[in-house]
Amino acid sequence: MSYKAFKLSKYPQGNITPDIFDMVTLAKPTLKEGEFLVKQTYMSLDPAMRTWLQQREDSYLPPVRIGEVMRSYGVGIVEESLNSKFPVGSHVVGVTGWSEYVLGNEEMNIIDPSLPPEAVLSLFYMTGLTAYAGLMKIGQPKKGETLVVTGAAGSVGSLVGQLAKAQGLRVVGIAGSDEKCKWLVEELGFDAAINYKSDNLDAQLRAAAPNGVDVFYENTGGPIQEIIFSQLNRFGRVVVCGVLADYDNEVPTKGPSWVDINLKSLRVQGLIVTDYQDIADEAFSVLGAYLAEGKIQYKAHVTEGFESLPEDLIKLFKGENTGKFIVKF
């Protein structure tokens, strides 16, 4: 039996293009003792994938190498097993790859088969942990404060805003279309939302956050970043989860003012979700309770077809999704 996979053929120069990946046909491996084979059924597309394609060795994960299968997270079913911890028929989530079949690893988690894969990838894995850890552990929200989150219509940003509302904060979302802004306010309960492609952003933010900004959850970078940063209150916290607008730039955009960091007693901290694996159970317990209580919801942007993965990744970076981008095989 053979299966399809995508390998990296070259590193991107600026924007990701489909030709940096080669689709190949691989032979199904013969299992050794302790191994198990997973048929992947749902795969997550994440902004972090762009950082995995950067040729730097000082990041939290090594880059995907030329000739390697592209890295990803996914859900699948164990089809063959020589590992008693992962019997045939088990539903699992973990690091997979752009591949129809993957050799399982001990870091995979067995999941309840009654849970929709969309819920797992949207809430009860890396996305949910990212939102929870960034807001609760770094942002340290307090009732009555104001949070601004960029990339607010994405999988992480939409969760961050809902979690903040559940904590009693005023929440302002930044998104890339009027339709997304409407969804944030009318369906997710954000207090305000701003289309970063519109005019008078400074004035719009002052109107949406009249008491200033206490927590800034940054997912995108871009010109809106400086505007939000300038309206931070003293003792404000900045959670740097991602800077999507900068990943394609050879030279990053100039950073925020160190003078403001000093005089406003600001705290600016980067967020890498794998640093917070020890609080996963806490995060998923809180998220599950809020989901049951109707305080949060998730939205999955699901496409079908393995062959379309390169084009789907480009759509992700163009912001064509609302909610979690998932590919079903």
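Structure: above.
Residues numbered from 1 in each chain as written. Predicted model: local features only at pLDDT ≥ 70, side-chain atom pairs only at ≥ 80, totals over all residues. Heavy atoms only, no water.

Peer 1: What's the story with the overall build of the protein chain in this structure? I'm lost.
Peer 2: The number of helices and strands found in the protein chain is ten helices and 15 strands. The globule rule puts the C-alpha radius of gyration for 329 residues at 20 Å, and the 20 Å found for the protein chain is close to it. Buried residues in the protein chain amount to 48% of all 329 residues. In the protein chain, 65% of the contacts between residues at least 6 apart in sequence involve partners at least 24 apart. Surface exposure of the protein chain reaches about 15,200 Å², of which carbon and sulfur atoms provide 50%. (Helix = DSSP H or I, 4+ residues; strand = E, 2+ residues; numbered from the N terminus. Rg over C-alpha atoms; globule rule 2.2 N^0.38 Å. Buried < 20%, exposed > 50% of the residue type's maximum accessible area, 1.4 Å probe, protein only. Contact = heavy atoms within 4.5 Å. Areas by Shrake-Rupley, 256 points an atom, 1.4 Å probe, with all protein chains shown as cover.)

Peer 1: In this structure, what is going on with helix α6 (residues 201-208)? I would like to understand it.
Peer 2: Counting along an α-helix, one turn takes 3.6 residues, and residues three or four places apart therefore face a common direction. Among the residues making up α6, those that are buried are L201, L205 and A208. Take α6 and look down its axis: the buried residues cluster within an arc of 65°, on one side only. Contacts from the buried residues of α6 go to β8 (146-149), β9 (170-175), β10 (192-195) and α7 (224-230). (Arc of directions from axis to C-beta.)

Peer 1: I tried to follow the sheet that holds strand β13 (residues 267-270) on my own but got confused; where do I start?
Peer 2: Paired through backbone hydrogen bonds, the strands of a sheet run either parallel or antiparallel to each other. Spatially, the six strands line up as an open sheet ordered β10-β9-β8-β11-β12-β13, and their pairing is parallel. The open sheet has two free edges, formed respectively by β10 and β13, since each of these has just one partner strand. Strand-to-strand twist across the sheet, computed as the mean angle between neighbouring axes with direction ignored, equals 15°. The sheet contact formed by strand β12 (residues 232-240) and β13 spans four bridges and is parallel. By the bridge assignment for β13, V240 is matched with G270. In the packing of helix α4 (residues 155-166) onto the sheet, the strands contacted are β8, β9 and β11 (213-218), and the crossing angle to β8 comes to about 170°. Seen against the sheet, helix α5 (residues 178-186) touches β9 and β10 and runs at an angle of roughly 170° to β10. (Pairing = 2+ DSSP bridges. Axes fitted to C-alpha atoms, helices over the stretch in contact; angles between N-to-C directions.)

Peer 1: Sorry if this is basic, but what is going on with the packing of helix α3 (residues 126-139) against α4 here?
Peer 2: The description of two packed helices rests on the angle between their axes and on the distance between the axes. Interhelical geometry of α3 versus α4 gives an angle of 45° and a closest axis separation of 9 Å. Our classification of the angle between α3 and α4 gives oblique. Our pair here, α3 against α4, has a crossing hand that is right-handed. Residues T127, G128, T130, A131, Y132 and L135 of α3 lie in contact with α4, whose contacting residues are S155, V156, L159, V160, L163 and A164. For the contact of α3 with α4, the class distribution of residues is eight nonpolar, four polar and no charged. (Parallel < 35°, antiparallel > 145°, perpendicular 65-115°, else oblique. Left-handed = near helix turned anticlockwise from the far one by under 90°. Nonpolar A, V, L, I, M, F, W, Y, C, P; charged D, E, K, R; others polar.)

Peer 1: So what exactly am I meant to see when it comes to the state of the cysteines here?
Peer 2: Think of a disulfide as a covalent bridge from one cysteine sulfur atom to another cysteine sulfur atom. For the structure on display, the rule yields zero disulfides. Summary of cysteine pairing: C181 is not part of a disulfide, and the nearest cysteine sulfur, belonging to C241, is at 19 Å. (Disulfide = S-S within 2.5 Å.)

Peer 1: Would you take a moment to explain the packing of aromatic side chains for this structure?
Peer 2: Aromatic rings in a pair are described by how distant their centres are and how their planes are angled relative to each other. By the definition in use, this model includes nine aromatic pairs. Between the aromatic rings of F124 and F284, the centroid separation amounts to 6.3 Å while the plane-to-plane angle is 85°, which identifies the pairing as edge-to-face. In this pair, F124 is assigned in the loop between α2 (117-122) and α3 and F284 in helix α9 (residues 280-293), connecting sequence segments 160 residues apart. For F124, a relative accessible area of 17% puts it in the buried group. An aromatic cluster is defined as three or more aromatic residues linked by ring pairs; in this entry it consists of F6, F21, W98, F306 and F329. (Phe/Tyr/Trp six-rings, centres within 6.5 Å; stacked < 30°, edge-to-face > 60°.)

Peer 1: I keep staring at the pairing of β8 and nothing clicks. Help me out?
Peer 2: As a general feature of sheets, a regular strand has side chains that alternate between the two faces. Across the two faces of β8 the burial is the same, with T146 and V148 and L147 and V149 all buried. In this sheet, β9 lies alongside β8 in parallel orientation, the contact comprising four bridges. Bridge assignment links L147 to a residue of β9, and that residue is V171. You can see the chain leave β8, run along α4 and come back into β9, and the turn it takes is right-handed. As judged from the three bridges shared by β8 and β11, these two strands associate in the parallel manner. The residue of β11 that forms the bridge with V148 is F216. (Right-handed = clockwise from strand over helix to strand, strands pointing away.)

Peer 1: Sorry, what's going on with the environment of F21 here?
Peer 2: The residue F21 is located in strand β2 (residues 21-27) in this model. Sequence separation between F21 and G67 is 46 residues; the distance between their C-alpha atoms is 9.2 Å. Contact partners of F21, with chain neighbours within four places excluded, come to F6, K7, L8, S9, I16, L53, M70, W98, P310 and L313.

Peer 1: Teacher, can you tell me more about the pattern of salt bridges here?
Peer 2: Close approach of charged atoms allows side chains of opposite charge to pair. Throughout the structure, instances matching the rule amount to 13 salt bridges. A salt bridge links K137 to E282; the shortest N-O distance between them is 3.0 Å. Note that K137 is positioned in helix α3 and E282 in helix α9, a separation of 145 residues in sequence. In this structure, the salt-bridge partner of R237 is E145, at a minimum N-O distance of 2.6 Å. Highlighted residues: R237 in strand β12 and E145 in the loop between α3 and β8, separated in sequence by 92 residues. The burial state of R237 is the same as that of E145; both residues are buried. In this structure, a network of salt bridges that share partners links the residues K4, E100 and E307. (Salt bridge = Lys/Arg side-chain N within 4 Å of Asp/Glu carboxyl O.)

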